[in-house]
Amino acid sequence: FVKFTEDMATAAEIHAQIAAENERLAEENREGEHLLQQIVEAEERQRLRRQLDFARAAADLQKSRNIVRRGRCQEINEDLEGPSCPADFQRRHAAVNKFESHPPFVVDCSHMVANDVVHKGAYIWKIEGMSWLKQALLQAGELQAISRDYFNVGGDRFDFYYDPERGEIIPGQAASLCIRHHDVDNGSVFRYKV
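Cut-offs and rules
- Residues numbered from 1 in each chain as written.
- Predicted model: local features only at pLDDT ≥ 70, side-chain atom pairs only at ≥ 80, totals over all residues.
- Heavy atoms only, no water.
- Helix = DSSP H or I, 4+ residues; strand = E, 2+ residues; numbered from the N terminus.
- Buried < 20%, exposed > 50% of the residue type's maximum accessible area, 1.4 Å probe, protein only.
- Contact = heavy atoms within 4.5 Å.
- Areas by Shrake-Rupley, 256 points an atom, 1.4 Å probe, with all protein chains shown as cover.
- Patch = residues over 30% accessible without salt bridge, like charges linked within 9 Å, V, L, I, M, F, W, Y side chains within 5 Å.
- Salt bridge = Lys/Arg side-chain N within 4 Å of Asp/Glu carboxyl O.
- Expected span 1.5 Å × (residues − 1).
- Pairing = 2+ DSSP bridges.
- pLDDT = per-residue confidence, 0-100.

Draft legend 1. Focus on the overall build of the chain. Each helix and strand counted, the chain has three helices and eight strands in total. Each helix (α) and strand (β) of the chain, taken in turn from the N terminus, gives the series α-α-β-β-α-β-β-β-β-β-β. Scored against the burial criterion, the 194 residues of the chain give a buried share of 13%. Of all intrachain contacts in the chain linking residues separated by at least 6 positions in sequence, the fraction that spans at least 24 positions is 36%. For the chain, the computed accessible surface area is about 16000 Å², with 55% contributed by carbon and sulfur atoms.

Draft legend 2. Quick peek at the side chain of Asp156. Note on placement: Asp156 falls in strand 5 (residues 156–162). When neighbours within four sequence positions are excluded, Asp156 is seen to be in contact with Phe151, His181, Asp183 and Ser188.

Draft legend 3. Region of the structure containing the side chain of Arg157. Within the fold, Arg157 resides in strand 5. Overall, Arg157 belongs to the buried group, its relative accessible area being 19%. Arg157 has contacts with Arg72, Tyr150, Phe151, Asn152, Arg180, His181 and His182, leaving out every residue within four places of it along the chain.

Draft legend 4. Summary view of a nonpolar patch on the surface. Where nonpolar side chains cluster on the molecular surface, the patch consists of Leu177, Phe190, Tyr192 and Val194 and spans about 430 Å² of accessible area. Structurally, Tyr192 is set in the segment after strand 8 (177–181).

Draft legend 5. Spotlight on the pattern of salt bridges. One pass over the full model with this rule turns up seven salt bridges. A salt bridge links Arg50 to Asp53; the nearest nitrogen and oxygen atoms lie 2.9 Å apart. Of this pair, Arg50 and Asp53 both sit in helix 1 (residues 11–77), three residues apart, which is roughly one turn of the helix. You can call Asp53 partly exposed: its relative accessible area is 32%. When salt bridges that share partners are traced, they join Glu23, Glu27 and Arg30 into one network.

Draft legend 6. Up close: helix 1. Taking 1.5 Å of rise per residue, the 67 residues of helix 1 would be expected to cover 99 Å, and the 97 Å separating its terminal C-alpha atoms lies within 8% of that figure. Note on helix 1: the residue one or two positions beyond its end, Asp79, has a positive phi of about 55 degrees.

Draft legend 7. Seen up close, the pairing of strand 5. For strand 5, a buried count of seven out of seven residues is recorded, marking the element as mostly surrounded by other parts of the structure. Here strand 5 shows no split at all, with Asp156, Phe158, Phe160 and Tyr162 on one side and Arg157, Asp159 and Tyr161 on the other all buried. Two strands pair when backbone bridges link them, and strand 3 (residues 145–146) and strand 5 are joined in this way by two bridges, in the antiparallel orientation. Looking at strand 5, one finds that Ala145 is bridged to Tyr162. The antiparallel hairpin formed by strand 4 (residues 151–153) and strand 5 contains two residues in its connecting segment, where Gly154 sits at a positive phi of about 60 degrees.

Draft legend 8. Broad picture of the confidence of the model for the chain. In this model, the chain carries a mean pLDDT of 77, and residues with pLDDT of at least 70 account for 79%. Model confidence for the chain, summarised as mean pLDDT per element, is weakest for strand 1 (residues 106–108) at 45 and strongest for helix 1 at 89.

This is how it looks when you write it as structure tokens:
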């Protein structure tokens, strides 16, 4: 800002300078309006990119789920897995025969042994980048992380489920990390280490 004195400029010169500054202000206003429009367009492109990210992540997740389902379907078709799997039937039939010849529960005073019928299994589910998981789930449009495939122990199917907000798994039951048993007809008793 320059302070003008009377002897520096005439009124006409000052009017000319005011007109020039008003023209510069008008040009800056036009540029500001143009930039605001560019910001609106950039925000719309950014919003669309997030929608694209979400659509890609959802498609990738569904593709992963379909790979698991395709594998499960193939295992069922090859009688390697499933509720009526011959191997499972034979294993259960063998267990029944074993029970008939050697009862699984042997009572001797206050001592009971049932170890012969206990199935064991192990499954490793790694979640890397736990500090980013909540944001990654949000960007993928998911609320929980679920293991991509089932694991089987003794003919029962399980999977892992993680909810960073400790949400309801089923009505009345909330958890942040759980092992879910997938058998609508029968329950299961199991011991685990996490």
